[in-house]
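Inside the fold
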Amino acid sequence: MKTMKLQDGSNFKKNFMKTKILIYTIFLFSLHFAFAQEVIIPLEERIELVENPSNTYYYKDVNGALNKYVGTWKYETSTEVFEITFSLNIHSSAGKDFKDELISKFKYTRNGVVIYNTYTSLRNYNISGGFFKFPNNTNKIKLYYSEPDVTYRTIQSQLELEYVPSTTLGGANTLIWKRKIFQDSPTPPPFELPKNMTLVKQ
Amino acid sequence: MMLFWGCQQDDAIITESNQKQTFQKTKTVVSIDQIFGLETIVGKVQTMRRSQNQSGTLSKNNTYLENLDLENIVSIADSDGNQSYTIDIVNPQNGINFEKLRLVKYMDGYIASIQRFEPNQAWYDSGENMNTFTGQIQNMTLNGTVTWSATLNNGLVVNNNNGTTAKSGSPCIINIYWEDEEGVQYEDDPTDGDNYTSAQITMVVDIDCSGSGSSSGGGSGYNSGGGYPNGGLGSSNGTFVGGSGGSTSGGSNNNPPDGSDTGCTNCDTGTSFDLNEQRTKDRLLAMSNDVKIKARLQDCKEKAEDANHIEEGGGAFRKKSDGTYFERLPSVIQGTETGFDPGYISGESVFVHLHSQKAYDYSEGLPQLKDVAPIPSKVDIVKFISLMYERNNDTNEPSYSDDDDEIVSMLVTDQGTYALTVGNKANMLAADVKLNSENRDQKVINEFVSEYEIKIKEACNNDDACLLRTFLNFIKTHTIDGNTLGIDIYQAVYENNEITGWIKL
């Protein structure tokens, strides 16, 4: 009986220790999680944030501001056809931070000659990103721009898109496309795509 | 292939992919007789301290270094060529406090310092695990000047200034050279060579705590044919070769303290980092005092400060065997472009250019004058990374110019003169693969571009102080595949329009 009591006491101690270890482990895990988790900032409010460099941020599209850009858009003249399809890329790395962004695939044909067709390749970052300069106007967005195998100035080319919803019943929404680049001389950069376009939602 | 350094321009250099290098650090425990020359050096340090004690120049609290644990010396070496030795100072009167003599490889010699650890009782009672050191650390020169101090909690720096306290005082530098019986001096042991015939060679140890470059010291002779026992201590006057040993003062810094022998993770790069920083400052000062580079920096400064000057300019520099530099002028200077064709010539290691305050933008109709940011641009960063790659793959670069410290991109603006230097070679080479090589990653490039634009340009508009602050945050925290860019940045200190030093930002 005495032995039995001792065993019970021993088991109690063991169980108590296990519980303590479990609680301690959960506490440490929670602590780690509390310090390691990302600080979520609505994507369109990023411009207003003064970042703390020691934080990891997730610029999340909590309000669906990117959704209006998703889909296929088309620009067409007598000699040119340009078609681009934007899709969402969720929780994409952004240096030490993360963000939701747009990625794209596109095809450009001029005088019947296909200049670019990234639909058939793995490329979807030539035109990508998503930054709202004005938190209250998500109809204007900045993306980062390059063209396949054109290395000229890829480091700082920007694209500004303006979403214009249709004002007529059954009318198509449009996208005003403006490529921005600092140009040191009157000689234009050797990009193939038009600098300015108005694209129609397909 | 032309290479552009500029604030807006980008002609990406296509380079072949290269192998990643990994940083390695090894820690071993050795006895003094296992390290060539160490006994002589330690003997010289002890003699110096003994002399200072007798002359009454030391305070009571300074350790006299009479009792050292010479059987358990911690040797730490890394793949970047950094080397340190840490020797426990035995002093029963210290109580729970303890001290260490530190010898850290610096150019041809060592920097010597004493570290005093004052732990709290709880840490001491818990078993003295250096990974979790809690208490104070002081770093002192051999003559007792505190150069920095730090408070650590559980191995992490916790005191104000976000790191160590401000540095002051000059480090004591141990210079080693060799002298034969005819009085000829050698930087390296000449008996290593096959053709040396003299029978007697002396290893000379100078200790310089003045920071001015002058030194006094003594030598311990040994016979080249029969080992190197401690010989009679002599006296000689020497000159420190290749380093100013100048003041490290200049403000606080965020560097962790010297804790490599403690194993504390937050202090992992402490010793080599501090040493690298001092060495880099010395190199930068030597560069900016070179006749050609100095003239180019001055020219750039005058142009950068001239609000009516609206284009860049600069030069590429290659070190010659006599230590001076040869300058190559850019082939294109236009607006925000400073172009070199070819982009790199073997041996070039220093690029200097300026950012004017404004430049013309021709992108929309009539040219418009626009502000130019007085900070290194995205292109400057990428080109500096590319330069690292070029240098790393340059098999023809001369040995007198093959240190990573030689690789520098200097930028002159109306707000200051900055130098990008190599902080982590492996990270820079890895970044080059993603940003510049044939296998460059458009997603990584977009991340780099967009984060630079958003975190710096968009956040600051044209506020210069904001631009510099956010740039520093960016250069220190932006990661590619989890690694930082590996770039350090220094700013020149001017006195009477002359560069007199560099501080790490």
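Residues numbered from 1 in each chain as written. Chains lettered and ligands numbered in written order. Predicted model: local features only at pLDDT ≥ 70, side-chain atom pairs only at ≥ 80, totals over all residues.

**Some thoughts on the overall build of chain A**
- When its secondary structure is counted, chain A shows one helix and eleven strands.
- Mapped in sequence order, the helices and strands of chain A form the string α-β-β-β-β-β-β-β-β-β-β-β. (Helix = DSSP H or I, 4+ residues; strand = E, 2+ residues; numbered from the N terminus.)

**Points about the packing of helix α5 (residues 378-392) of chain B against helix α6 (residues 425-435) of chain B**
All names here are of chain B.
- Across the interface, α5 lies against α6 with an axial gap of 9 Å and an inter-helix angle of 110 degrees. It follows that α5 is roughly perpendicular to α6 by the angle criterion. Residues Val382, Ile385, Ser386, Met388, Tyr389 and Asn392 of α5 form the contact with α6, whose own contacting residues are Lys425, Met428, Leu429, Ala431, Asp432 and Leu435.
- Considered class by class, the residues forming the contact of α5 with α6 number eight nonpolar, two polar and two charged. (Axes fitted to C-alpha atoms, helices over the stretch in contact; angles between N-to-C directions. Parallel < 35°, antiparallel > 145°, perpendicular 65-115°, else oblique. Contact = placed C-beta atoms within 7 Å. Nonpolar A, V, L, I, M, F, W, Y, C, P; charged D, E, K, R; others polar.)

**Observations regarding the interface of chain B and chain A**
- Contact with chain B, which involves 31 residues of that partner, is made by 29 residues of chain A.
- Looking at the side of chain B that touches chain A, the elements with two or more residues in it are α5, α7 (442-460) and α8 (464-477) of chain B.
- Sorting elements by how many residues they give to the side of chain B that touches chain A places α7 of chain B first, with eleven residues.
- Class assignment of the residues belonging to the side of chain B that touches chain A gives a composition of eight nonpolar, 13 polar and ten charged.

**Here we look at the pairing of strand β4 (residues 83-89) of chain B**
Residues and elements named next belong to chain B.
- The sheet contact formed by strand β3 (residues 73-78) and β4 spans four bridges and is antiparallel. Across the sheet, Val74 pairs through a bridge with Thr86, a residue of β4.
- Strand direction decides the pairing type here: β4 and strand β5 (residues 98-106), joined by six bridges, are antiparallel. Residue pairing in the sheet places Ser84 in a bridge with Val104 of β5. (Pairing = 2+ DSSP bridges.)

**Observations regarding the environment of Ser386 of chain B**
All names here are of chain B.
- Position of Ser386 among the secondary structure elements: in helix α5.
- According to the C-beta neighbour criterion, Ser386 is buried, with 22 such atoms within 10 Å.
- Residues Ser386 and Asp432, 46 residues apart in the sequence, show an inter-C-alpha distance of 6.1 Å. (Buried ≥ 20, exposed ≤ 12 C-beta atoms within 10 Å, placed from the backbone.)

**Side note on the environment of Ser409 of chain B**
Residues and elements named next belong to chain B.
- Tracing the sequence through the fold places Ser409 in strand β22 (residues 408-413).
- Judged by C-beta crowding, with 25 C-beta atoms within 10 Å, Ser409 ranks as buried.
- For Ser409, the residues in contact, after removing those within four places along its chain, are Phe351, Asp380, Phe384, Leu387 and Leu420.

**Some words on unusual backbone geometry**
All names here are of chain A.
- Positioned with a positive phi, His91 is a non-glycine residue whose angle comes to about 55 degrees.
- Tracing the sequence through the fold places His91 in strand β4 (residues 80-94).
- When the 13 C-beta atoms within 10 Å are taken as the criterion, His91 is described as partly exposed.
- Here the phi dihedral of Asn111 falls at roughly 50 degrees; this positive angle occurs in a residue that is not glycine.
- Structurally, the position occupied by Asn111 is in the loop between β5 (97-110) and β6 (113-117).
- Judged by local crowding, Asn111 falls into the exposed class, with 8 C-beta atoms found within 10 Å.

**Description of the sheet that holds β22 of chain B**
All names here are of chain B.
- Taken in spatial order, the seven strands line up as β16-β15-β19-β22-β23-β26-β27 in an open sheet, and their pairing is mixed. Among the strands making up the open sheet, the edge pair consists of β16 (325-328) and β27 (498-504). In this sheet, neighbouring strand axes are inclined to one another by 25 degrees on average, regardless of whether the strands run parallel or antiparallel.
- Across five bridges, the pairing between strand β19 (residues 348-354) and β22 is parallel. Following the sheet pairing, Phe351 is matched in β22 by Ser409.

**Structural notes on the packing of α7 of chain B against α8 of chain B**
Residues and elements named next belong to chain B.
- Running from amino to carboxyl end, α7 crosses α8 at an angle of 160 degrees, the nearest separation of the two axes being 8 Å. Taken together, the axis directions place α7 and α8 in an arrangement best described as roughly antiparallel. The chirality of how α7 crosses α8 is right-handed. Along the contact surface, α7 presents Glu451, Tyr452, Lys455, Ile456, Ala459 and Cys460, while α8 presents Cys466, Leu467, Thr470, Phe471 and Phe474.
- Residues of the contact of α7 with α8, tallied by class, amount to eight nonpolar, one polar and two charged. (Left-handed = near helix turned anticlockwise from the far one by under 90°.)

**Overview of helix α4 (residues 291-305) of chain B**
All names here are of chain B.
- The end-to-end C-alpha distance of α4 is 21 Å, a good match for the 21 Å that 15 residues give at a rise of 1.5 Å each.
- Within the sequence span of α4, burial applies to Ile293, Arg296, Leu297, Cys300, Lys301, Lys303 and Ala304. Down the axis of α4, the buried side of the element spans an arc of 170 degrees, and every buried residue falls inside it. In α4, the exposed residues that point more than 90 degrees away from the buried face are Val291 and Ala295. (Expected span 1.5 Å × (residues − 1). Arc of directions from axis to C-beta.)

**Side note on the environment of Ile35 of chain B**
Residues and elements named next belong to chain B.
- Along the chain, Ile35 falls in the loop between β2 (25-30) and α1 (38-54).
- Ile35 sits 38 residues away from Ile73 along the chain, and the two C-alpha atoms are 9.9 Å apart.
- Not counting the four nearest positions on each side in its chain, Ile35 is found in contact with Val30 and Tyr85.

**So, the confidence of the model for chain A**
All names here are of chain A.
- Overall, the predicted model of chain A reaches an average pLDDT of 81, with 79% of residues at or above 70.
- Across residues 1-14, confidence stays below pLDDT 50; counting only partners more than four residues off in sequence or on other chains, it has zero contacts.
- Predicted confidence for residues 16-35 stays below pLDDT 50, and this span has zero contacts to residues more than four positions away or in other chains. (pLDDT = per-residue confidence, 0-100.)

**Looking at the pairing of strand β23 (residues 416-422) of chain B**
Residues and elements named next belong to chain B.
- Among the seven residues that make up β23, six are buried, leaving the element largely enclosed by the rest of the structure.
- Relative to β23, β22 runs antiparallel, the two sharing six bridges. Its bridge partner being in β23, Val412 is matched across the sheet by Thr417.
- Counting the residues that bridge the hairpin from β22 to β23 gives two residues.
- Sheet topology note: the β23/strand β26 (residues 487-495) ladder contains five bridges and is antiparallel. Each residue of the ladder has a partner; that of Val422, found in β26, is Ile487.

**Digging into the confidence of the model for chain B**
Residue and element names in this part refer to chain B.
- For chain B, the average pLDDT comes to 73, and 71% of its residues sit at 70 or higher.
- Per-element confidence in chain B ranges from a low mean pLDDT of 22 for strand β14 (residues 236-239) to a high of 94 for β22.
- In the predicted structure, residues 160-167 sits below a pLDDT of 50 and forms 26 contacts with residues beyond four places in sequence or in another chain.
- Scored below 50 in pLDDT, residues 212-273 shows 166 contacts in the model against residues more than four places distant or in partner chains.
- Interface confidence in the predicted complex, given as ipTM, is 0.76; pTM for the same model is 0.59.

**A closer look at α5 of chain B**
- With 15 residues, α5 of chain B ought to run about 21 Å at 1.5 Å a step, and its terminal C-alpha atoms sit 21 Å apart, in line with that.
- Here α5 of chain B lies mainly inside the structure; 14 of its 15 residues are buried.

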